[in-house]
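Notes for the structure review
Chain by chain, the residues run as shown.
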Amino acid sequence: MTSREDIPMILKFELNQQELAALSLTEGEEVLYAVPYDCDLSGKYVKNGFTVVTNKRLVLLQNAVKEKEYDLSAYDAVKAEPRINCGVLYAVKDGQDYLIVRYSAKHLARYAYVARGIALLKSGSTERAESEEYEKTCFVCGRALPGTKDCPHCNRKSRGVFFQIVQLLGSYKKQLIPIIALMVTRAIIGLFSPELQKYLVDEILYSGEKKYLAAMLVLVAMFLVGIGIALVDIGKSYGCAKLGSTIGKDLRSKLYNKIQMLSLSYIHEKRPGALMNRIMHDTGRIRMFMEHVFCNMFTVVIMFVAVVIYMLVLNWKLALISFIFVPIAAVVSMLWRKNIHRRFRLQGKKSDDVHSALQDVISGMNVVKGYGKEQDESDKFNGFSDVFANVQTKNEVFWAMFFPLLNFLMGAGVYLVIFYGGRSVLGETMTAGEVMQFVSYTSMLYMYLGWINNLPRQLMDLVTSMERINDIMTQEPKIRNTEKACKPEITGAIEFKNATFGYHSYEPVVEGVNLKVKPGEMIGFVGASGAGKSTLINLIMHLYDVDDGELIVDGENIKDIDIDYYHSKIGVVLQETFLFSGTIFNNIRYAKPDATEEEVIMAAKMANAHDFITRMPDGYNTYVGEKGSRLSGGERQRIAIARAILNNPKILILDEATASLDTESEYLIQTALERLTSGKTTFAIAHRLSTLKNADRLVVIDKHRIAEMGSHDELMASKGIYYGLVTAQLEMQAKKEEATA
Ligand code: ADP
């Protein structure tokens, strides 16, 4: 079976004979890339369009007819650029842009790779552009995938998922065996009870004698069977509930651990709310399945088969009459099953949307309130909630229509048995007890059939949840230790070598960065907002890998350095300090869990935090609240500095560490930072450029590239971008002071 992981993004679609003929390839000419386009230049949807790149030219095909061709050597470059809901590929010549082709947003990444391929071709390289991404649309039907790797329409992996569920259960054999034994016992006792009914009617009530004692004994036996059934059911439910909770708990922790391991890019792509939904809701569904469905599964299946055999043996003619509606019910449920799966997947996706919106708003509540956007956010949330409710209602209505229809078919089977059985009693070919027993078995048969018919929905629910869980479990973190992973001594020597990186393959955020930093040097990144300063820091922190070029740390490619080891050498102080709910003591100790009390207090003193901590009634045991909400911004910052000092990092990241603080806090923090940074390679970003004056070198980022580099004085003297930024800030400050004077 082909899995989604096997289908990397296709950059060379297969062309048919007519399309190849339309290309009329010359000798030595070879098709390198062939990708679809689905818009004309004005943005209208078109079908059967292909952009073909050979080693000599670029050709546009439409319905197997050559529309246009471009000699690639006549242009300086070919670029792919995202626009609103679409993208364009254009050629550049003498500073002038020439639009080549337009395509919908689903092909953005594909064309970015093609543009990269053309650049390689033009540089004379024989290398081909290859994509590390996977198709975001279904390989079979072309529909967009709803956040899972498998297409709900093509539904190609259900069987594989069933196998995984069996495998999952297999790892809980110890708990499973007693449950299955109880299910089998329950089936045997259940089958036995109609026998007692028959005996009571034929041998006692209709015998013509007054068999009081025998009647009492049968009633006691029936009572005991009832108690037996209840006890077995209790045992079975207890076992299933315990097993369900254990599986749910294990899956939750596996998922949680996996998510911690995954790269930031995946977590950003999936949205925190959606991930939380998968951890809580989908694992919960698996637990529910174990408790409510699996618990009866074996009993029902065994009893269904046994009842069918038993009825055939007792009276095959009457049995066949009672079975008349079974195939009809089976066909109806089979026809509806496919539909159910698709519907429940969609419901899962809409539920993700609701959770995401909720998570967003709750975590950003201060911003929502600050801007008075409560109503807007309510409307937005209600929008998602409405869509979810609509999908859910439609699904329930669909189900509600389906189930009564089946119930009717099942009831009809019992009526037929009563009708033909009654005639047999009158004709004296059957006893009243036999008919009663038969009616009991027929009711059982249809009850179990009803249950079995409900099973596809429950199973599809389970499969959908399992798929959503698998989707995360089968992800490989993009940042992971290679076989060569090493632990070199980190002194803080860092070098960017022609490094290029973008969060999306088609949108480089930093390009061709060359920067060599000596151990202990302090570098200030400067540039307009969105220039790529934090992105460079993300690369230094190895949260992402560069797409092209290299990042070298102490002579080793950062990709080959053990990740945990490297992270233990980095300290971070951000503008928005993240504190975990817990005590101040534990928050400082977060970076070094084995730190002693003395070490923590020493770090707090160096961070100018000791005084304010000891002024609090609970001192170091003060609870900081969720995300440190009970502390001021300056206090949180100093705790973060203490945390970084304790870790004694070799590389330090200060991202807007002194932004939005009052003057007193800023002074305390500045002096704490000076202690922290001495002798460490430091990368700092600050909006207020005056705070970067201490930096050994300032690196100015503009238009994705390093535009200027040097000390404050050198950059001021050269009167370039930095000079412009500083003077603009000084002017603004002067205006502010004038206004407040
Ligand atoms: P700066 O720190 O200079 O303000 P950033 O490095 O944060 O800039 O961002 C540079 C560009 O990258 C911006 O256009 C921003 O929108 C984009 N960007 C930042 N983070 C992400 C992300 N996780 N996913 C996609 N784009 C991002």
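Residues numbered from 1 in each chain as written. Predicted model: local features only at pLDDT ≥ 70, side-chain atom pairs only at ≥ 80, totals over all residues. Heavy atoms only, no water.

**Considering the overall build of the chain**
Secondary structure assignment for the chain yields 21 helices and 17 strands. By the compact-globule yardstick of 27 Å for 741 residues, the chain is too spread out, its C-alpha radius of gyration being 35 Å. Each of the three principal axes of the chain carries a C-alpha extent, and together these read 120 × 85 × 55 Å. Classification of the 741 residues of the chain by burial places 47% in the buried group. For the chain, restricting intrachain contacts to residue pairs at least 6 apart in sequence, the fraction spanning at least 24 positions comes to 70%. Of the roughly 38600 Å² that the chain leaves accessible, carbon and sulfur atoms contribute 57%. Distance between charge centres in the chain, computed from 85 positive and 84 negative side chains, equals 5 Å. (Helix = DSSP H or I, 4+ residues; strand = E, 2+ residues; numbered from the N terminus. Rg over C-alpha atoms; globule rule 2.2 N^0.38 Å. Buried < 20%, exposed > 50% of the residue type's maximum accessible area, 1.4 Å probe, protein only. Contact = heavy atoms within 4.5 Å. Areas by Shrake-Rupley, 256 points an atom, 1.4 Å probe, with all protein chains shown as cover. Lys, Arg positive; Asp, Glu negative; His and termini not counted. Charge placed at Lys NZ, Arg CZ, Asp CG, Glu CD.)

**A word on the packing of aromatic side chains**
Across all of its chains, the model carries ten aromatic pairs by this definition. Between the aromatic rings of tyrosine 503 and tyrosine 544, the centroid separation amounts to 5.2 Å while the plane-to-plane angle is 90°, which identifies the pairing as edge-to-face. One end of the pair, tyrosine 503, is in the loop between strand E8 (494-501) and strand E9 (510-517); the other, tyrosine 544, is in the loop between helix H13 (533-540) and strand E11 (548-553), and 41 residues separate them in sequence. Ring pairs connect the aromatic residues Tyr70, Tyr75 and Tyr98, which therefore count as one cluster. (Phe/Tyr/Trp six-rings, centres within 6.5 Å; stacked < 30°, edge-to-face > 60°.)

**Notes on the site of the ligand**
The environment of the ligand is formed by eleven residues, the closest being Gly530, Gly532, Lys533, Ser534 and Thr535. At 2.9 Å from an oxygen atom of the ligand is found a main-chain nitrogen or oxygen belonging to glycine 532. Contacts to the ligand include threonine 535, whose side-chain N or O atom sits 2.4 Å from an oxygen atom. Expressed as a share of its isolated accessible area of 560 Å², the protein-covered part of the ligand is 61%. Residue composition of the shell around the ligand, grouped by class: four nonpolar, six polar and one charged. (Near = heavy atom within 4 Å. Polar contact = N/O pair within 3.5 Å; in protein donor to acceptor, adjacent residues only side chain to side chain. Nonpolar A, V, L, I, M, F, W, Y, C, P; charged D, E, K, R; others polar.)

**Thoughts on the sheet that holds E8**
The strand order across the open sheet built from four strands is E9-E8-E11-E12, with neighbouring strands paired in antiparallel fashion. Bordering the open sheet on either side are E9 and strand E12 (556-557), each of which pairs with just one other strand. Of the pairings in the sheet, the one linking E8 to E11 comprises five bridges and is antiparallel in character. Paired with phenylalanine 496 across the bridge in E11 is leucine 551. Across the sheet, H13 lies against E8, E9 and E11, angled at about 120° from E8, the strand it touches most. (Pairing = 2+ DSSP bridges. Axes fitted to C-alpha atoms, helices over the stretch in contact; angles between N-to-C directions.)

**A look at the pairing of strand E7 (residues 96-104)**
On any regular strand, side chains alternate: one points to one face of the sheet, the next to the other face. The sheet contact formed by strand E6 (residues 86-93) and E7 spans eight bridges and is antiparallel. Bridged to cysteine 86 within E7 is serine 104. Joining the antiparallel neighbours E6 and E7 is a turn of two residues, in which aspartate 94 adopts a positive phi near 50°.

**Some details on the confidence of the model for the chain**
Regions with low pLDDT should not have their predicted coordinates read in detail. Looking at the chain, pLDDT values average 83 and 91% of them are 70 or higher. Low confidence marks residues 1-6, where pLDDT is under 50. Its contacts with residues over four positions away, or in another chain, come to 17 contacts. (pLDDT = per-residue confidence, 0-100.)

**Structural notes on the sheet that holds strand E10 (residues 522-527)**
Spatial strand order, E13-E14-E15-E10-E16-E17: six strands in an open sheet with mixed pairing. Looking at strand neighbours, the two that pair on one side only are strand E13 (570-574) and strand E17 (705-710), the edges of this open sheet. Across this sheet, the average inter-strand angle for adjacent strands is 20°, counted without regard to direction. Pairing of E13 with strand E14 (residues 651-655) involves five bridges; the strand directions are parallel. Residue pairing in the sheet places glycine 571 in a bridge with leucine 652 of E14. Its contacts with the sheet place H13 against E10, E13, E14, strand E15 (681-685) and strand E16 (697-702), and it is angled at close to 145° to E10. Set on the sheet, helix H18 (residues 633-647) makes contact with E13 and E14; between it and E13 the angle comes to about 175°.

**Points about the pairing of E17**
Summarising the sheet, E16 and E17 pair through five bridges and their orientation is antiparallel. Paired with leucine 698 across the two strands is glycine 710, which belongs to E17.

**Digging into helix H12 (residues 432-473)**
Over its 42 residues, H12 extends 59 Å from the first C-alpha to the last, a length consistent with the 62 Å expected when each residue adds 1.5 Å. Remark: the principal bend of H12, roughly 30°, maps to leucine 455, with a proline, proline 456, within the next four residues. For H12, the tally of buried residues reaches 32 of 42 residues, placing the bulk of the element in the interior. (Expected span 1.5 Å × (residues − 1). Bend = angle between axes of the 7 residues up to and from the residue.)

**Focus: the side chain of glutamate 708**
Counting through the fold element by element, glutamate 708 comes out in strand E17. No salt bridge is formed by the buried glutamate 708; its nearest oppositely charged neighbour, lysine 703, is found at 11 Å. A polar atom in the side chain of glutamate 708 sits 3.2 Å from the backbone nitrogen of tyrosine 722. (Salt bridge = Lys/Arg side-chain N within 4 Å of Asp/Glu carboxyl O.)

**Considering H13**
Counting buried residues in H13 gives seven out of eight residues, a clear majority hidden from the surface. Turning to H13, its buried residues number three or more, namely Lys533, Thr535, Leu536, Ile537, Asn538, Leu539 and Ile540. Immediately downstream of H13, the backbone of histidine 542 shows phi near 55°, a positive value.

**Considerations on the pattern of salt bridges**
For the structure on display, the rule yields 16 salt bridges. For arginine 57, the salt bridge identified is with glutamate 29, shortest N-O distance 2.6 Å. In this pair, arginine 57 is assigned in strand E3 (residues 57-62) and glutamate 29 in the loop between helix H1 (17-23) and strand E1 (31-39), connecting sequence segments 28 residues apart. Here arginine 57 matches glutamate 29 in class, with each residue buried. Between glutamate 511 and arginine 705 there is a salt bridge whose closest N-O contact spans 3.8 Å. Here arginine 705 lies in strand E17 and glutamate 511 lies in strand E9, a separation of 194 residues in the sequence. With relative accessibility at 43%, the residue arginine 705 sits in the partly exposed group. Among the charged side chains, a salt-bridge network with shared partners connects Glu29, Arg57, Lys66 and Glu69.

**Things to note about unusual backbone geometry**
In this structure, asparagine 48 is a non-glycine residue whose phi angle is positive, near 55°. In the Ramachandran plot, asparagine 608 falls in the positive-phi region, its phi being about 55° despite a non-glycine side chain. A relative accessible area of 17% means that asparagine 608 is categorised as buried.

**Thoughts on the environment of tyrosine 503**
On the accessibility criterion, tyrosine 503 (36% relative accessible area) is partly exposed. As for tyrosine 503 and glutamine 167, which are separated by 336 residues in sequence, their C-alpha atoms are 37 Å apart. Beyond its immediate sequence surroundings of up to four residues, tyrosine 503 is in contact with Val509, Thr535, Asn538 and Tyr544. A polar atom in the side chain of tyrosine 503 sits 3.0 Å from the side chain of threonine 535. In terms of polar contacts, tyrosine 503 uses its side chain to reach the side chain of asparagine 538, at 3.2 Å.

**Looking at a negative patch on the surface**
On the surface, a cluster of negative charge is made up of Glu127, Glu130, Asp547 and Asp548. Note on placement: aspartate 548 falls in strand E11. Under the relative-accessibility criterion, aspartate 548 is labelled partly exposed at 35%. (Patch = residues over 30% accessible without salt bridge, like charges linked within 9 Å, V, L, I, M, F, W, Y side chains within 5 Å.)

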